[in-house]
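Architecture and fold: a report
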Amino acid sequence: MVSNGGRTEENVIKCLKKLKHPERVEAVCSDMWKPYITAVQKALPNAAPVTDRFRVIKSAQESVNAARRSIQAPKKVKDAMKKAAA
């Protein structure tokens, strides 16, 4: 899909409305950007929104890494623990 109007929900809907047979569309694959999903639901109510597994896995990995970094001890604390254990 090509849109020259920018990445907005309204522009996505305009592009989808240009399809010759929108009622025949069964599924639409997109990223997880909420306005894309909403636009598909509005313009193509019979189509199921589908997110490719690459984007789902990438999002999950980013969330796990963010959680891990937030609970990871700073280097100063780690060094102090190593000294105390020695």
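Keep in mind the model is a prediction, meaning the values are calculated, not measured.

**Regarding the overall build of the chain**
Within the chain one finds 4 helices and 2 strands. The C-alpha radius of gyration computed for the chain amounts to 22 Å, which surpasses the reference 12 Å derived for 86 residues by more than 25%, pointing to a less compact arrangement than a globule. For the chain, the spread of C-alpha atoms along the principal axes amounts to about 75 × 25 × 15 Å. For the chain, with 86 residues in total, the buried portion stands at 20%. Contacts in the chain between residues at least 24 apart in sequence constitute 36% of all its contacts with a sequence separation of at least 6. Summing over all exposed atoms, the chain offers an accessible surface of approximately 7,000 Å²; the carbon and sulfur share of this is 57%. Here the chain holds 18 positive side-chain charges and 8 negative ones, and the gap between their average locations is 9 Å.

**A word on the pattern of salt bridges**
As a working rule, side chains carrying opposite charge can pair if their charged atoms are close by. Under the criterion given, the structure shown has 5 salt bridges. In this structure, Lys42 and Glu9 form a salt bridge, with 2.7 Å as the shortest nitrogen-oxygen distance. Taken as a pair, Lys42 in helix α2 (residues 34-43) and Glu9 in helix α1 (residues 9-17) lie far apart in primary sequence, 33 residues in all. The partner of Arg55 in a salt bridge is Asp52, and the shortest N-O contact between them spans 3.3 Å. Residue class for Asp52 comes out partly exposed when judged on its relative accessible area of 26%.

Definitions and limits used
Residues numbered from 1 in each chain as written. Predicted model: local features only at pLDDT ≥ 70, side-chain atom pairs only at ≥ 80, totals over all residues. Heavy atoms only, no water. Helix = DSSP H or I, 4+ residues; strand = E, 2+ residues; numbered from the N terminus. Rg over C-alpha atoms; globule rule 2.2 N^0.38 Å. Buried < 20%, exposed > 50% of the residue type's maximum accessible area, 1.4 Å probe, protein only. Contact = heavy atoms within 4.5 Å. Areas by Shrake-Rupley, 256 points an atom, 1.4 Å probe, with all protein chains shown as cover. Lys, Arg positive; Asp, Glu negative; His and termini not counted. Charge placed at Lys NZ, Arg CZ, Asp CG, Glu CD. Salt bridge = Lys/Arg side-chain N within 4 Å of Asp/Glu carboxyl O.

Purely spatial values, then, with no claim about function.
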